[in-house]
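Given next are the chains, with one letter for each unit.
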Amino acid sequence: MVSLTDFQRIGVGLVGFGLFFILFGMLLYFDSVLLAFGNILFLSGLVFIIGFKRTFTFFFQRPKLKGTSFFLGGVLIVLMRWPLLGMLLEAYGFITLFRSFLPVAFGFLGSLTNIPMLSKLLQKVGDSSSMV
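Residues numbered from 1 in each chain as written. Predicted model: local features only at pLDDT ≥ 70, side-chain atom pairs only at ≥ 80, totals over all residues. Heavy atoms only, no water.

1. Focus on the confidence of the model for the chain
Here comes step 1: In the predicted model, the chain carries a mean pLDDT of 88, and 89% of its residues have values of at least 70.
Here comes step 2: Looking across the chain, the model is least confident in helix α7 (residues 116-127), with a mean pLDDT of 69, and most confident in helix α4 (residues 65-79), with 96. (pLDDT = per-residue confidence, 0-100. Helix = DSSP H or I, 4+ residues; strand = E, 2+ residues; numbered from the N terminus.)

In structure tokens:
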């Protein structure tokens, strides 16, 4: 099991709440206040988890500057109350930033079917022919 410091635990909580507020803001037709609050919580949680210096070096690496500019530009646009355009820019920046990590994440999600209880549940959901 991975041992987390108190700051990292706070960071995980902040990232979790940030993602919740971002999803809740999108459900409420791109409410700019919730999206902005979620963005601030997400970024501050990332700083708490990996530290300020490593966060800075991650975002401002030479090959990742394009993704960083779109992501942070989207955050700025959301803060200026243009939520739809800001979230589109953020999504493009997020995909560009984490392009190398996405296959690993999808591989992990694919390996979840090897878990006995979860694989039975997924088979039942997949076998359901109900339209409702």
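2. As for the packing of aromatic side chains
Here comes step 1: What the rule picks out here adds up to 11 aromatic pairs.
Here comes step 2: On the basis of an interplanar angle of 75° and a centroid distance of 5.3 Å, the ring pair of Phe-58 and Phe-59 is categorised as edge-to-face. The same class applies to Phe-58 as to Phe-59, namely buried.
Here comes step 3: An angle of 15° between the planes, with centres 6.1 Å apart, marks the rings of Phe-59 and Phe-71 as stacked. One end of the pair, Phe-59, is in helix α3 (residues 52-59); the other, Phe-71, is in helix α4, and 12 residues separate them in sequence.
Here comes step 4: In this structure Phe-59 comes out as buried when scored by relative accessible area, which is 6%.
Here comes step 5: Residue class for Phe-71 comes out buried when judged on its relative accessible area of 5%. (Phe/Tyr/Trp six-rings, centres within 6.5 Å; stacked < 30°, edge-to-face > 60°. Buried < 20%, exposed > 50% of the residue type's maximum accessible area, 1.4 Å probe, protein only.)

3. Digging into the packing of α4 against helix α5 (residues 83-97)
Here comes step 1: Put simply, α4 and α5 touch, their axes get as near as 7 Å, and they point 155° apart. Classified by the angle their axes make, α4 and α5 are roughly antiparallel. Crossing of α4 over α5 shows left-handed handedness. Residues Lys-66, Gly-67, Thr-68, Phe-70, Phe-71, Gly-74, Val-75, Ile-77 and Val-78 of α4 pack against Pro-83, Leu-85, Gly-86, Met-87, Leu-89, Glu-90, Tyr-92, Gly-93, Phe-94, Thr-96 and Leu-97 of α5. (Axes fitted to C-alpha atoms, helices over the stretch in contact; angles between N-to-C directions. Parallel < 35°, antiparallel > 145°, perpendicular 65-115°, else oblique. Left-handed = near helix turned anticlockwise from the far one by under 90°. Contact = heavy atoms within 4.5 Å.)

4. Side note on the side chain of Thr-55
Here comes step 1: With respect to the helices and strands, Thr-55 occurs in helix α3.
Here comes step 2: The residues contacting Thr-55, other than those within four sequence positions of it, are Leu-46, Val-47 and Ile-50.

5. A short note on the environment of Asp-6
Here comes step 1: You can see Asp-6 is positioned in helix α1 (residues 6-27).
Here comes step 2: What makes Asp-6 exposed here is its relative accessible area of 58%.
Here comes step 3: For the pair Asp-6 and Ile-49, spaced 43 residues apart in sequence, the C-alpha to C-alpha distance is 9.6 Å.

6. A word on the environment of Met-87
Here comes step 1: Looking at the element boundaries, Met-87 is found in helix α5.
Here comes step 2: Each C-alpha atom of the pair Met-87 and Ile-22 lies 9.5 Å from the other, and the pair is 65 residues apart in sequence.
Here comes step 3: Excluding its chain neighbours within four sequence positions, the residues that come into contact with Met-87 are Ile-22, Met-26, Phe-30, Leu-35 and Val-78.

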